[in-house]
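For reference, the chains in residue letters:
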Amino acid sequence: MRFRYLPLLLILVTSLVIGEETAPTYDRINLAVSAGEEIDNDTLSATLFAQHEGNDPAELGTRVNQAIRQAVETAKKEPGVKVQTLDYQTSPVYRNNTLSGWRVRQTIRLESQDVALISQLMGKLQEGLSIGSISYAVSPEQRQQVEERLISQAIQLFRARAALISKEMGHSEYRLVQMNISSSGAAPGPYPVRAMALRAESAPTLEAGSQRLEVQINGTIELKPE
């Protein structure tokens, strides 16, 4: 007997919860602002590879390993350069649907914020390696500094625009309902370089360029009634 009113109580509680979730809102306005800045790419990455073809995979592997080992040792002598070995591949070579030999290839990746240094290093390594690709980027440290500055600028713009809208709509105050902050900006992707072996003094001419970094703010304000 004492539980006969339980279903009715559940219905009432459910109705109250639904009513709270679907309560109408008024005088809400969506805003979008952005702040951007052109920043220099300060990090250069390059891939170089050793590749040989022939009939003996073991001999080819030895030649490739020797070339990569020498390149890594040379790169490690430069304190401002990061070096990383990448994929190692052994693949068959077919001509006229017939196996004619083998190809062995391995790649290394160089990264540095000293463009002149890495350019000279690449010139040295081209004695035994070929350039696969070159790409530029903004370092995480510089990106964080710029993003923090742009976030501050974007928030100021958002507040100024929200105050202007409130005033024009005949309200003296507003409250922030929600705000989303995001950033965008991508460095040029790696571009391929025609594989060739050059003399050591033939260092490539590199220009890092720049990219635009933007911070976007999307938010909702609610005008306070007078």
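Remember, predicted model here, so these are calculated numbers, not experimental data.

**Q** Whenever I open this one, the nonpolar core confuses me. Can you help?
**A** A general feature of soluble globular proteins is that nonpolar side chains tend to end up buried together. In this structure, L48, I108, L110, M122, L125 and L129 are the most contacted members of the largest nonpolar core, which totals 25 residues. Those elements that provide at least two residues to this core are β2 (43–54), α2 (57–76), β4 (98–112), α3 (115–125) and β5 (130–137). Counting 15 residues, the second-largest nonpolar core is a separate cluster that includes L150, A154, F158 and A162.

**Q** Please clarify how α3 should be interpreted in this entry.
**A** For an α-helix, 3.6 residues make a turn, and residues three or four places apart therefore share a direction. For α3, the set of buried residues is L117, I118, S119, L121, M122, G123 and L125. Residue D114 occupies the N-cap position of α3, its side-chain oxygen lying 3.3 Å from the main-chain nitrogen of A116.

**Q** What am I meant to see in the pattern of salt bridges here?
**A** Once their charged atoms are close, side chains differing in charge can pair, the charge on each being opposite to the other. Applying the stated criterion across every chain yields a total of eight salt bridges. Among the salt bridges present, the one from R149 reaches E37, with a minimum N-O distance of 2.8 Å. Of this pair, R149 sits in helix α4 (residues 140–168) while E37 is found in strand β1 (residues 28–40), placing the two residues 112 residues apart along the sequence. A single salt-bridge network, built from bridges that share partners, covers R28, R175 and E222.

**Q** What exactly am I supposed to notice about the environment of V83 here?
**A** Secondary-structure assignment places V83 in strand β3 (residues 82–95). A relative accessible area of 25% places V83 in the partly exposed class. Measuring from C-alpha to C-alpha, the distance between V83 and A46 comes to 9.8 Å, with 37 residues separating the pair along the chain. Sequence-distant contacts of V83, defined by excluding residues within four places in its chain, comprise V72, A75, K76, R109 and L110.

**Q** How do you make sense of the sheet that holds strand β8 (residues 210–223) when you look at a structure like this?
**A** Two pairing modes exist for strands in a sheet, parallel and antiparallel, and in both the strands are linked by backbone hydrogen bonds. With antiparallel pairing, the three strands of this open sheet are ordered in space as β1-β8-β6. The open sheet is flanked by β1 and β6 (174–184), the only strands paired with a single partner. Neighbour to neighbour, the strand axes of the sheet diverge by 15° on average, direction disregarded. Examined bridge by bridge, β1 and β8 share 13 bridges and lie antiparallel to one another. Across the sheet, residue L31 finds its bridge partner in β8, namely G219. Sheet strands in contact with α4 are β1, β6 and β8, and its direction is about 150° off that of β1.

Reading the values: rules and limits
- Residues numbered from 1 in each chain as written.
- Predicted model: local features only at pLDDT ≥ 70, side-chain atom pairs only at ≥ 80, totals over all residues.
- Heavy atoms only, no water.
- Core = buried A, V, L, I, M, F, W, Y, C linked by side-chain atoms within 4.5 Å.
- Buried < 20%, exposed > 50% of the residue type's maximum accessible area, 1.4 Å probe, protein only.
- Helix = DSSP H or I, 4+ residues; strand = E, 2+ residues; numbered from the N terminus.
- Polar contact = N/O pair within 3.5 Å; in protein donor to acceptor, adjacent residues only side chain to side chain.
- Salt bridge = Lys/Arg side-chain N within 4 Å of Asp/Glu carboxyl O.
- Contact = heavy atoms within 4.5 Å.
- Pairing = 2+ DSSP bridges.
- Axes fitted to C-alpha atoms, helices over the stretch in contact; angles between N-to-C directions.

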